[in-house]
Amino acid sequence: MSAFHAALAALKTSAAKRRWLFVPYDQLTSSIGPLAREPAKELGIVVVECPDKAARRPYHKQKLALVLTNLRHFAIEQAARGVAVQHVVAPSYREAIERVAPKLGALRVMRPAERELRAELAPLFESGELEEVPHEGWLTTQEDFAAAGANPPWRMDAFYRQVRRRLDILMVKGKPMGGRFSFDAENREAWHGAPKAPALPRYKVDAITAEVCDLVSTRMARHPGKLDPGGIPATRADADRTWAWAKTQCLAHFGPFEDAMSTDSRTLFHTRISPLLNLQRLSARTIVDDTVALDIPFASKEGFVRQILGWREYVRHVHEATDGFRVIAGVAQPVAQSPGDGGYGRWAGSAWAPAATGGDGGSRTSILGAARPVPPAYWGKRSGLRCLDEVVESVWEEGYSHHITRLMVLANIAMLLDVSPRDLTDWFWVAYIDAYDWVVEPNVHGMGTFGVGEVLTTKPYIAGSAYIHKMSNFCKGCRFNPKKTCPLTSLYWAYLGRHREALARVDRMTLSVRSEARRTPAQRASDADVFARVTSMLARGDELPEDIASGTSAGYVFDGY
């Protein structure tokens, strides 16, 4: 008997006369919903492991292990409270519920966060085998979202002001503390080694996590990424310890260095709580309340609250309002028929073609017509661009990089290369341990690639070498000189040139488009040549030579959000 089943058997309670709940993989909490309010000894939960879901995409091994060991530890934690537990392994979540419902009766479930799971369970809601109740892990309502703007384009700042006022968070007599809602302009310092960045917490690998990691490394061996058992917070106690570490070691300095990047610390003062928050192992309400109560600089406090109460909640609403960008302002968008692999097949030399089925491939919208595949450099082939190679290495080692490396290195470079928004979104979905459809579709397809235009953001977030040189030490030791030979600057100008007509209609791109218009015909021809050579070489998996863009100018410095 496995360690998990032995532990569960030791806590087994009678399943008779229970009200049953289905608890999805990303609702692993008893601090909200029926598990928080109803007596434990009157409840039962069904937890499902679905190998076909894991095989649907080439998910990072660390993500598979994180989700699976947290699911199993959650089941044991609930059994210890007196909740009856039914653990089911099935090809699909729908089949698992159909298997147990005749015996247990109709089950309740908090509304699934992932659109993909909601679609799979829809027939069960219609048949009455499953009853949907509200998901209480969110801090805001559809009414909040509508109050900030009923129709697209939506703007996070309007939504953030709305919910700050309604929830009375960081407010005094109806006014924002500090005199304004956002202190983002104060949170753009580069980090040069001081204050010292904290070391990441490590976690005890118990028998349950060890056997999960063994399962992943053997039965899921084809999945990419490094598996690090000691880097997995698996229990509720681990989650609480992670948040305690974040509060004491990170948040005081989070604000000023929020946008900084460094080879000396992949995390800097980012908290690493997003995987736990997205599994509901940590409560967003607790995170916000604790942050507000901390004695830390206000710019750090407000900046972190804005990430949780503002952006995180905002993108979830956008994803629901557009059905994952399948419908925008009432207009149906093109949708891929099956899940994409983010370029895995091109990197591995064989297509990701598991037996598992389920889920469509999501929106294929690209208002600028970007259609190139994710290059092998995103899977670990060296590009010669130190910024890209360092961040990609961190992703495949840890399943993580912080949000500025995601936006201003990975998404920025992909956008400059005209990579397909769908392909890059799929890559993020499989590569990151905190990635779910409601996370990656708005953050990558929406913001990171500008794939749907101004629906949720005001501009494409593109930059040449100047921004990365300013905000990181990636350029030190790179084969390219950021002011003279880095191809990112030529790629930036070439991007503006290719998409000049469309970008001229975007208010926040007007100055950039005008700047590009002042480039000489020779400069424009050189920019286009660099783009052609870079895209060709990276598509083949070749490293870029030092002289690929000699003579470029420093280019644009990113002007913030």
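Heads up: these notes are all about the structure in this document.

Scanning the protein from N- to C-terminus turns up 24 helices and 11 strands. For the protein, whose C-alpha radius of gyration is 24 Å, the value lies close to the compact-globule estimate of 24 Å for 561 residues. Dimensions along the principal axes, computed over C-alpha positions, put the protein at roughly 80 × 60 × 50 Å. Scored against the burial criterion, the 561 residues of the protein give a buried share of 59%. Taking as baseline every contact in the protein between residues at least 6 positions apart, the subset at least 24 positions apart corresponds to 77%. Summed over all atoms, the accessible surface of the protein reaches about 21,600 Å², with 52% contributed by carbon and sulfur.

In this section: the side chain of histidine 499. Relative to the elements of secondary structure, histidine 499 occurs in the loop between helix H21 (487-498) and helix H22 (500-503). The buried category is assigned to histidine 499, whose relative accessible area is 8%. For histidine 499, the contacting residues outside a window of four places in its chain are Leu368 and Asp418.

Moving on, we get to the side chain of arginine 57. Relative to the helices and strands, arginine 57 resides in the loop between helix H3 (51-55) and helix H4 (61-81). Residue arginine 57 is classed as buried on the basis of its relative accessible area of 1%. Ignoring any residue separated from it by four or fewer positions in sequence, one finds arginine 57 in contact with Glu116, His223, Pro339, Gly340, Trp352, Asp360, Trp429 and Val430.

Right, let's get into the pairing of strand S5 (residues 130-133). Of the strand pairs in this sheet, strand S4 (residues 107-110) and S5 are connected by 4 bridges, and their pairing is parallel. Residue pairing for S5: leucine 107 is matched across the bridge by leucine 130. After leaving S4, the chain enters helix H6 (residues 115-127) and then returns to the sheet as S5, a path that is right-handed.

What follows covers the pattern of salt bridges. Evaluation of the coordinates by the stated rule reveals 49 salt bridges. For the salt bridge of arginine 382 with glutamate 393, the shortest nitrogen-to-oxygen distance reads 3.8 Å. In this pair, arginine 382 sits in the loop between strand S11 (362-363) and helix H16 (386-398) while glutamate 393 sits in helix H16, placing the two residues 11 residues apart along the sequence. On the basis of relative accessibility, which here comes to 41%, the residue arginine 382 falls in the partly exposed class. Residue glutamate 393 is classed as partly exposed on the basis of its relative accessible area of 34%.

Using the criterion set out here, one finds 0 disulfides in the structure. Cysteine 486 forms no disulfide, and the closest cysteine sulfur to it belongs to cysteine 478, at a distance of 6.3 Å. What makes cysteine 486 buried here is its relative accessible area of 8%.

What follows covers the packing of aromatic side chains. A complete count under the given rule lists 23 aromatic pairs for this structure. Consider the rings of phenylalanine 145 and phenylalanine 159, whose centres lie 6.2 Å apart with planes at 65°: the pair is edge-to-face. In this pair, phenylalanine 145 sits in helix H7 (residues 142-147) while phenylalanine 159 sits in helix H8 (residues 156-167), placing the two residues 14 residues apart along the sequence. Taken individually, phenylalanine 145 and phenylalanine 159 each receive the classification buried, so the pair is uniform in this respect. On the basis of an interplanar angle of 85° and a centroid distance of 6.1 Å, the ring pair of tryptophan 396 and tryptophan 427 is categorised as edge-to-face. Of the two residues, tryptophan 396 sits in helix H16 while tryptophan 427 sits in helix H18 (residues 421-431), which places them 31 residues apart along the sequence. Here tryptophan 396 and tryptophan 427 have matching classes, each one buried. Three or more aromatic residues link up through ring pairs in this structure, and these residues are Tyr344, Trp347, Trp352, Tyr378, Trp379, Trp396, Trp427, Phe428 and Tyr432. In this arrangement the basic side chain of arginine 180 is found over the ring face of phenylalanine 183, its NZ or CZ atom lying 3.9 Å from the centre. Geometry around phenylalanine 531 places arginine 498 over its ring, the cationic atom sitting 3.7 Å from the centre.

Criteria and thresholds
- One numbering rule holds for all chains: residues counted from 1, following each sequence as written.
- Whole-chain, interface and lining totals are the exception, using all residues; otherwise, since this is a predicted model, local features are given only for residues with pLDDT of at least 70 and side-chain atom pairs are given and counted only at 80 or more.
- The side-chain figures draw on all heavy atoms in the structure; neither hydrogens nor water molecules are used.
- Each helix is a run of H or I in the DSSP string that is no shorter than four residues. Each strand is a run of E no shorter than two, and both are numbered from the N terminus.
- For a compact globule the rule gives 2.2 Å times the number of residues to the power 0.38, and the radius of gyration it is set against comes from C-alpha atoms.
- Here's how the labels work: a residue is buried when its accessible area is under 20% of the maximum for its type, exposed when over 50%, partly exposed in between, all with a 1.4 Å probe on protein chains only.
- Only heavy atoms matter for contacts: two residues are in contact if any of them lie within 4.5 Å across the pair.
- Note on areas: these come from Shrake-Rupley sampling with a 1.4 Å probe, and a residue is covered only by the protein chains present in the view.
- For two strands to count as paired, DSSP must find a minimum of two bridges between them.
- When the strands point away from the viewer and the connection leading from the first strand across the helix to the second strand turns clockwise, the crossover is called right-handed.
- The term salt bridge refers to a side-chain nitrogen of Lys or Arg lying within 4 Å of a carboxyl oxygen of Asp or Glu.
- The criterion for a disulfide is a pair of cysteine sulfur atoms lying within 2.5 Å.
- Ring pairs are drawn from Phe, Tyr and Trp, using the six-membered ring of Trp, whenever the two centres fall within 6.5 Å, and their geometry is named by plane angle: stacked under 30 degrees, edge-to-face over 60, tilted for the rest.
- To sit over a ring, a charge needs its Lys NZ or Arg CZ within 6 Å of the ring centre and within 35 degrees of the ring normal.

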